[in-house]
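# Close look at the chain arrangement
Here's the letter readout for the chains.
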Protein chains: 2
Amino acid sequence: MNRASSSEFELIARYLSRPAAPERSDVVVGNGDDCAVLMPSPGHQLAISVDTSVVDVHFPQDAPPAAIGHRALAVALSDLAAMGAKARWCCMALTLPAADAEWLAAFAEGFRELADRSGCELIGGDVTRGPLTIGVTVHGELPAGTALRRSGAREGDLIAVTGYPGRAAAGLERWQRGEQDSDHPLLEAYLRPEPRLAAGEALRGLASSAIDVSDGLLADLGHVLAASGVGARIDVEALPLATPLRAILELDDVRERVLNGGDDYELLVTLSAADLAEAQRRLAPLHLPLTPIGRVVAGEGIEGVAPRYLAHRGWDHFPEIVS
Amino acid sequence: MNRASSSEFELIARYLSRPAAPERSDVVVGNGDDCAVLMPSPGHQLAISVDTSVVDVHFPQDAPPAAIGHRALAVALSDLAAMGAKARWCCMALTLPAADAEWLAAFAEGFRELADRSGCELIGGDVTRGPLTIGVTVHGELPAGTALRRSGAREGDLIAVTGYPGRAAAGLERWQRGEQDSDHPLLEAYLRPEPRLAAGEALRGLASSAIDVSDGLLADLGHVLAASGVGARIDVEALPLATPLRAILELDDVRERVLNGGDDYELLVTLSAADLAEAQRRLAPLHLPLTPIGRVVAGEGIEGVAPRYLAHRGWDHFPEIVS
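These numbers were taken from a predicted model, which means no experiment stands behind them.

Moving on, we get to the overall build of chain A. What chain A contains, in helices and strands, is ten helices and twelve strands. The long-range share in chain A, meaning contacts at least 24 apart out of those at least 6 apart in sequence, stands at 84%. Summed over its atoms, the accessible surface of chain A is roughly 11,500 Å², and 50% of this surface lies on carbon and sulfur atoms.

The subject of this paragraph is unusual backbone geometry. Residues and elements named next belong to chain A. Unlike most non-glycine residues, Asp263 shows phi in positive territory, near 75°. Counting through the fold element by element, Asp263 comes out in the loop between α9 (251–260) and β10 (267–271). For Asp263, a relative accessible area of 5% gives the class buried.

Every α-helical turn comprises 3.6 residues, leaving residues that sit three or four positions apart pointing alike. Its twelve residues place the ends of helix α7 (residues 217–228) of chain A 16 Å apart at the C-alpha level, agreeing with the 16 Å of an ideal helix rising 1.5 Å per residue. Gly229(A) lies just past α7(A) and shows a positive phi near 70°.

Residues and elements named next belong to chain B. Taken in spatial order, the six strands of this open sheet run β8-β10-β7-β11-β9-β12, and their pairing is mixed. Two strands in the sheet have a free side with no partner beyond their single neighbour: β8 (207–212) and β12 (301–303). Averaged over all neighbouring strand pairs, the angle between strand axes comes to 30°, with direction disregarded. Sheet topology note: the β8/strand β10 (residues 267–271) ladder contains five bridges and is antiparallel. Paired with Ala207 across the strands is Leu271, a residue of β10.

Counting buried residues along strand β3 (residues 44–54) of chain B, ten of its eleven residues qualify, which places the element largely inside the surrounding structure. Two elements, strand β2 (residues 36–38) of chain A and β3(B), share three bridges in a ladder whose sense is antiparallel. From the neighbouring strand, Leu38(A) faces β3(B), where its bridge partner is Leu46(B).

Another point: the packing of aromatic side chains. All names here are of chain A. One pass over the full model with this rule turns up two aromatic pairs over all chains. A ring pair is formed by Trp103 and Phe107, whose centres lie 5.1 Å apart and whose planes are at 10°; its orientation type is stacked. Highlighted residues: Trp103 and Phe107, both in helix α3 (residues 101–118), separated by four residues, approximately one helical turn. Of the two residues, Trp103 and Phe107, both sit in the buried class. The ring centre of Tyr190 lies 4.6 Å from the NZ or CZ of Arg71, which sits over that ring.

Turning to the sheet that holds strand β6 (residues 133–143) of chain A, a few remarks are in order. Pairing in this open sheet of six strands is mixed, and the strands run β5(A)-β4(A)-β6(A)-β3(A)-β2(B)-β1(B) from one edge to the other. Bordering the open sheet on either side are β5 (121–129) of chain A together with β1 (27–29) of chain B, each of which pairs with just one other strand. In this sheet, adjacent strand axes meet at a mean angle of 20° when their direction is disregarded. Sheet topology places strand β4 (residues 86–96) of chain A next to β5(A); eight bridges connect them, and they run parallel. Counted as the bridge partner of Thr95(A) is Thr128(A) from β5(A). In the packing of helix α2 (residues 65–83) of chain A onto the sheet, the strands contacted are β3 (44–54), β4 and β6 of chain A together with β2 (36–38) of chain B, and the crossing angle to β6(A) comes to about 30°. Sheet strands in contact with α3(A) are β4, β5 and β6 of chain A, and its direction is about 165° off that of β4(A).

Turning next to the pairing of β6(A). Residue and element names in this part refer to chain A. With respect to burial, β6 is a largely interior element, ten of its eleven residues being buried. Where β3 meets β6, eleven bridges bridge the pair, whose relative direction is antiparallel. Bridge pairing in β6 places Gln45 opposite Leu142. Of the pairings in the sheet, the one linking β4 to β6 comprises nine bridges and is antiparallel in character. Bridge pairing in β6 places Trp89 opposite His139.

Attention now goes to the environment of Leu249(A). Residue and element names in this part refer to chain A. Here Leu249 is to be found in the loop between α8 (243–246) and α9. Linking Leu249 and Ala72, residues 177 residues apart in sequence, is a C-alpha distance of 29 Å. Not counting residues up to four positions away in its chain, the partners in contact with Leu249 are Val254 and Arg257.

Time to look at α3(A). Residues and elements named next belong to chain A. Taking 1.5 Å per residue as the helical rise, α3 with its 18 residues ought to reach 26 Å, and the 25 Å between its terminal C-alpha atoms agrees with that figure. Of all the positions in α3, only Trp103, Leu104, Phe107, Ala108, Gly110, Phe111, Arg112, Leu114, Ala115 and Ser118 are classed as buried. One side-chain oxygen of the residue at the start of α3 lies 2.9 Å from the amide nitrogen of Glu102, identifying that residue as Asp100. Positive phi shows up at Gly119, right after α3, with a value of about 70°.

Our focus in this paragraph is the packing of helix α2 (residues 65–83) of chain B against helix α3 (residues 101–118) of chain B. All names here are of chain B. Viewed as axis vectors pointing N to C, α2 and α3 meet at an angle of 35°, and their least axial separation amounts to 6 Å. As for how α2 packs across α3, the hand of that crossing is right-handed. In contact with Pro65, Ala66, Ile68, Gly69, His70, Leu73, Ala74 and Leu77 of α2, α3 contributes Trp103, Ala106, Phe107, Gly110, Phe111, Glu113, Leu114, Ala115, Arg117 and Ser118. Across the contact of α2 with α3, the residue classes break down as twelve nonpolar, four polar and two charged.

Glancing now at the pattern of salt bridges. Inspection of every chain in the model, using the stated rule, returns 44 salt bridges over all chains. With its nearest N and O atoms 2.7 Å apart, the salt bridge here joins Arg117(A) to Glu194(A). With Arg117(A) in helix α3 and Glu194(A) in the loop between α5 (185–191) and α6 (197–203), this residue pair connects regions lying 77 residues apart in the sequence. Between Arg257(B) and Glu256(B) there is a salt bridge, with its nearest N and O atoms 2.8 Å apart.

Before going further, it helps to examine the state of the cysteines. In total, this model carries zero disulfides over all chains according to the counting rule given. With no disulfide of its own, Cys90(A) has Cys120(A) as its nearest cysteine by sulfur position, at a separation of 3.8 Å.

Conventions adopted
- Here, residues in each chain are numbered from 1, in the same order as that chain's written sequence.
- For naming, the first written chain is A and the first written ligand is 1, with later ones following in the order written.
- Two thresholds apply to this predicted model, a pLDDT of at least 70 for residue-level local features and 80 or more for giving and counting side-chain atom pairs, whereas whole-chain, interface and lining totals are computed over all residues.
- In computing side-chain values, all of the structure's heavy atoms are included and hydrogens and water are not.
- A helix here means a DSSP run of H or I that spans at least four residues, while a strand means a run of E at least two residues long, and both kinds are numbered starting from the N terminus.
- By definition in these notes, contact holds between two residues if any of their heavy atoms fall within 4.5 Å.
- Residue burial considers only the protein chains on display, and all accessible areas are found by Shrake-Rupley using a 1.4 Å probe.
- Accessibility here uses a 1.4 Å probe with only protein chains present; expressed as a share of the type maximum, an area under 20% marks a residue as buried, one over 50% as exposed, and anything in between as partly exposed.
- Each helix should span, by expectation, one fewer than its residue count multiplied by 1.5 Å.
- Pairing between strands is defined by DSSP: at least two bridges between the two strands are required.
- A fitted line through C-alpha atoms represents every axis, and for helices the fit uses only the stretch in contact; the resulting angles, taken between N-to-C directions, go from 0 to 180 degrees.
- Between rings of Phe, Tyr and Trp, where Trp is taken as its six-membered ring, a pair exists when centres lie within 6.5 Å; planes separated by under 30 degrees are stacked, by over 60 edge-to-face, and by other angles tilted.
- The criterion for a charge sitting over a ring is simple: Lys NZ or Arg CZ within 6 Å of the ring centre, and within 35 degrees of the ring normal.
- Contacts described as polar in this section are N or O atom pairs within 3.5 Å, which, within protein, must combine one atom able to donate a hydrogen with one able to accept it, while residues neighboring in sequence count only if both atoms come from side chains.
- Whether a crossing is left-handed or right-handed is set by the direction in which the near helix is turned from the far one by less than a right angle, anticlockwise for left-handed and clockwise for right-handed.
- Residue polarity follows a fixed list, in which Ala, Val, Leu, Ile, Met, Phe, Trp, Tyr, Cys and Pro are nonpolar, Asp, Glu, Lys and Arg are charged, and the others, Gly among them, are polar.
- Salt bridges, as used here, are contacts in which a Lys or Arg side-chain nitrogen is within 4 Å of a carboxyl oxygen on Asp or Glu.
- What counts as a disulfide here is a pair of cysteine sulfur atoms lying within 2.5 Å.

Distances and angles like these do not, on their own, reveal function.
This is the structure we're talking about:
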């Protein structure tokens, strides 16, 4: 039983704690007491998710610290986006091997920048010593009864995806090959995924189901199909193809990345064909395309995907109680 | 970058996930979606705290797994108790070196038993591979404006403590000496601390400040004094002395453990002398004594504690953003 002296960890508290933003009247008690105390919005439900990012499991040890901070929060916020919830508060449980002031400042800046931009106030956390691990619990709110569930896909619905998935997988491949130009658009997609919070909120009331693409488009579609008791037919020719992917890969290899690459954190939704135009209209101000890529069908499983597109399945994540 | 195959972790999800209890109408979406969705109580505020328990830092690696599960949740719930909040929901971020079915079953049982008894529904979490670490985020509720703060102690208030602190510290000493009879009352106090949730709720509206004793009575009193801008005079002769401590230690050594031992998770409160009898009456059904041990005074620091009682200061915990 040994506990490090507090002195070497004090700088962490300094980097991560600060008074709540004065305009946040929902933060009744911020840092410095036994708990944070928060005022929920009347008529709203809470959406909560926890995500742990472990060095060398979820991100490379030598990734830029600002990207590690950004990404640890982004993957958690993405779960709020997939429910259609508005981000409100987050807690961080940080485990660190040592306290390196420069690393921490950059890490905190990456986390903070995304938190501030997302309206997600850091309201608590703790710091312990050990291998680099970042546990983030995010809290969002949504009007009661409007959560986007995985279980709502219905036969005949369109299947649609936001943005251009597959870029993060190709970016990680670059990193692993040693091409670590971290502002390359593909690497950027892996290191600094953008949680689709505004898109999730915009699709409330239109999408019949939603999930964020973390394991891979096909793998995550599988979760929706299982929860909804339906199958799907995918139109491979309709997949959105990112320009930087088409620039470096053959068409079949691009499609394989789109279908199997995880870590982009785009939203995969189902919706009635009659609602597609309205959904696209709502996402237009976000400059985020919503591309129909198939249909929900009766039965189970996924049709229309040739075996050559299944070469690399998405990572088999650890199971999550709430993923 | 390597991720373990999911198969070996499936049993964890089995142990930790289960449908929400049917009587919990506040759990709108439980396991199996991107987020848990919860219905807060109208007119209430949320209290949130996160605590990470790391093997060999916060508990011995060879502690009984049921005790590790209990303790990881208890230390987090204790923060809710110290705010006067009612426990509602918790999330667990579990990092495990390997999946041992027997260990996990006992761990989950220890966690579950306390969660069920506290009305704290496990609504989410994730599992990753690494050194044994248990991150718990707890969510409680309290009527708006009633939180027990650290900053409310006023000159003239009594200082009082629940139960018999010091037992856990002596229990840990036993464990470290190899006397690992885990149902010994002192060891029980260390391995299975009881969060004082009912006491915290009962003291709402009476206590002027509250904190849970995790670092040690004097250390935690110091946090209250600093937050309130006051000092304290302690009456060492008034300290509550646990029978099993008096049975094995000289009087001065007992007092030293009471004043400096952490990990009992008793509540330390301040309150008007006129309210003491009512506070004790409210705790009587809990069979929990509330012992006045000093007074809040003007100034700063703690008077009345002779140097011989300061031999072992409480552990110097890592600083916590919200502890």
